[in-house]
Amino acid sequence: MARQSLLAVAATVHDHAIPELEALLRTMTRAPEAPGQADPDNPIIPFGQIEGLHFLRFVLLEDPSLPDRAAYPRLPAYEPTRLMLMVDGDGSPQDLLQRLLATAHEGLVRVFIHCDATVTGTNIAAWMDRHRVRSAANYVNWPGRSARQVREEAQLHEAWLTVRLEHPDTSPEELWPLLRAAAQDLPLSPPVRPSLSERLGNLLHLLSFPVLALLSLPVLLPALPVLIVMLRRRETRDRVIAPRPSRARNTMLSALEDHDVTNPYSAIGSLKLGRFRRWLTIVILWVINWGARHIYRSGRLARVNTIHFASWTFLDDRRRVFFASNYDGSREAYNDDFIDKVAFGLNLSFSNGLGYPRTDWLVRGGARHERDFKWYLFHHQIPTQVWYNPFRGLTTYDMARNARLRATYERRPTGAELARFVAEI
């Protein structure tokens, strides 16, 4: 159960069922004091009893940007509202589904019966399996770091911190036996290593990009001038749709945020019209997924180190994309972090969205138009009705520090390394 996976289940909710479903989802949270924050012990889906979860969310995909399509009659004016269950956890998506069902079989029926009245206790497993959707790209801050490892290392750090605070003037050498004694009775499972088949699968996936790139060169190179002209024509003519944020909607979204050091982010939007933009998005998200799996796997997505998990998921025959992330800090700081550090990445991954600020050559401009970019993001952000984080108070920095301390401890540090170890506690 080493590798982390994303389980996503999405099904249409009829308009008349939405108010009742929202009321049910609300009962699974700590509202009114912390709206949107899951109650881990709620009787419908007791999230705290499900092993190996990192994050879980229920979100109603009500797209506030659909009216933007009015200027594009070839795009359908209506898309269905869906309920999305999205789980980031240890093991395969099938493992995650089985563990959910084992703990909350009846609760899942109570939720998804609002999508399909034929859902029962006998068919819920097959029904959820049929409604699974695959993400086009998925990012994990530290692949292989299990929920158990995060929990155990946090307990270890807490015990060491108590010892250190109780002995503020003790030298590292004198403190070491006390730290060892504090760790002695705490569980510390060995990190789970990938199996041989997982390593081979990873190697094949690693090779897929260069192999496909080489095979496509004979076609891509002659077509490149035409593709560049097609891109530039669109970039100079596409409409920017970034309306001024409404105060009421900002108040509604803000009420769901900053109840902990980590926040959920959910956003949905349409792709720009035409096959060119659609295929460009498919290729870019495939490359992002490849890069997240093989390059950005040590705590940073490019220069950004505050994201725990993120995913991009196509909907409605790839006319729309749903983006979800779990990040440290406030929404404003999250946006600024991306603009300052990886504006080119934002442009690559989002510039094919309808109304995105104009880019130049796909990577320039775009997010650099800060006001339009932030208003565009706000225009597409939607509330996350239920969000579960079992590691409240732990940022990605905390988790990385705890893992470093544990690794150093197991090497039995001495001298300068022991001094650094004690200083980092």
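Cut-offs used in this document
- Residues numbered from 1 in each chain as written.
- Predicted model: local features only at pLDDT ≥ 70, side-chain atom pairs only at ≥ 80, totals over all residues.
- Heavy atoms only, no water.
- Helix = DSSP H or I, 4+ residues; strand = E, 2+ residues; numbered from the N terminus.
- Rg over C-alpha atoms; globule rule 2.2 N^0.38 Å.
- Buried < 20%, exposed > 50% of the residue type's maximum accessible area, 1.4 Å probe, protein only.
- Contact = heavy atoms within 4.5 Å.
- Areas by Shrake-Rupley, 256 points an atom, 1.4 Å probe, with all protein chains shown as cover.
- Lys, Arg positive; Asp, Glu negative; His and termini not counted.
- Charge placed at Lys NZ, Arg CZ, Asp CG, Glu CD.
- Phe/Tyr/Trp six-rings, centres within 6.5 Å; stacked < 30°, edge-to-face > 60°.
- Pairing = 2+ DSSP bridges.
- Salt bridge = Lys/Arg side-chain N within 4 Å of Asp/Glu carboxyl O.
- Core = buried A, V, L, I, M, F, W, Y, C linked by side-chain atoms within 4.5 Å.
- Expected span 1.5 Å × (residues − 1).

A separate point is the overall build of the protein. What the protein contains, in helices and strands, is 12 helices and 12 strands. By the compact-globule yardstick of 22 Å for 425 residues, the protein fits well, its C-alpha radius of gyration being 23 Å. Expressed as lengths along the three principal axes of its C-alpha atoms, the size of the protein is roughly 75 × 50 × 45 Å. Relative to its full complement of 425 residues, the protein shows a buried share of 50%. A sequence separation of at least 24 residues applies to 79% of the contacts in the protein between residues at least 6 apart. For the protein, the computed accessible surface area is about 20300 Å², with 57% contributed by carbon and sulfur atoms. Within the protein, one finds 52 positive and 45 negative side-chain charges whose respective centroids are separated by 9 Å.

A few words on the packing of aromatic side chains. Within this structure, the stated rule accounts for 20 aromatic pairs. Considering the side-chain rings of W176 and F421, the 5.9 Å spacing of their centres and the 75° angle between planes classify their relative orientation as edge-to-face. Taken together, the positions of W176 in helix α5 (residues 172–184) and F421 in helix α12 (residues 415–424) put the pair 245 residues apart, joining distant regions of the chain. Here W176 matches F421 in class, with each residue buried.

Here is the key point about a regular strand: its side chains alternate between the two faces of the sheet. Strand β5 (residues 82–90) sits mainly inside the fold: 9 of its 9 residues count as buried. Pairing analysis gives 9 bridges linking strand β1 (residues 4–12) to β5, with the strands arranged antiparallel. Within β5, the position partnered with A8 by the bridge is M86. Examined bridge by bridge, strand β4 (residues 53–61) and β5 share 8 bridges and lie antiparallel to one another. Looking at the pairing, L53 lines up with G89 of β5.

Per the counting criterion, the structure on display carries 22 salt bridges. Residue R319 is joined to E79 by a salt bridge in which the shortest nitrogen-to-oxygen separation is 2.7 Å. Of this pair, R319 sits in the loop between β8 (307–315) and β9 (320–328) while E79 sits in the loop between β4 and β5, placing them 240 residues apart in sequence. According to the relative accessible area criterion, R319 is partly exposed, its value standing at 22%. E79 gets classed as buried once you look at its relative accessible area, which sits at 3%. One salt bridge in this structure joins R232 and E235, with 2.7 Å as the shortest N-O distance. Of the two residues, R232 and E235 both sit in helix α6 (residues 196–237), 3 residues apart, roughly one turn of that helix. The exposure class of R232 is partly exposed, given its relative accessible area of 21%.

Our next topic: the nonpolar core. Counting residues in each nonpolar core, the largest one holds 38 residues, and the members touching the most others are I45, F58, L83, L85, L108, F112 and M128. Mapped by element, the contributors of at least two residues to this core are β1, α1 (18–26), β4, β5, α2 (93–112), α3 (124–130) and β12 (386–388). When residues in this core are grouped by element, the largest group, 9 residues, is from α2. If near-sequence neighbours (up to four positions away) are discounted, F112 is found in contact with V9, F58, L83, L85, V119, I124, W127 and M128. Among the nonpolar cores identified, the runner-up in size contains 31 residues, and A137, Y139, V304 and F350 belong to it.

Another point: helix α11 (residues 396–410). Think of an α-helix as turning once every 3.6 residues; residues three or four places apart then point the same way. Its 15 residues place the ends of α11 21 Å apart at the C-alpha level, agreeing with the 21 Å of an ideal helix rising 1.5 Å per residue. Regarding α11, the residues found buried are T396, D398, M399, R401, N402, A403, L405, R406, T408 and Y409. Looking at the buried positions of α11, the neighbouring elements they touch are α4 (147–166), α5, β8, β9 and α12. Directly after α11, the chain includes R412, whose backbone phi takes a positive value near 55°.

Limitation: the analysis is restricted to geometry and does not speak to function.
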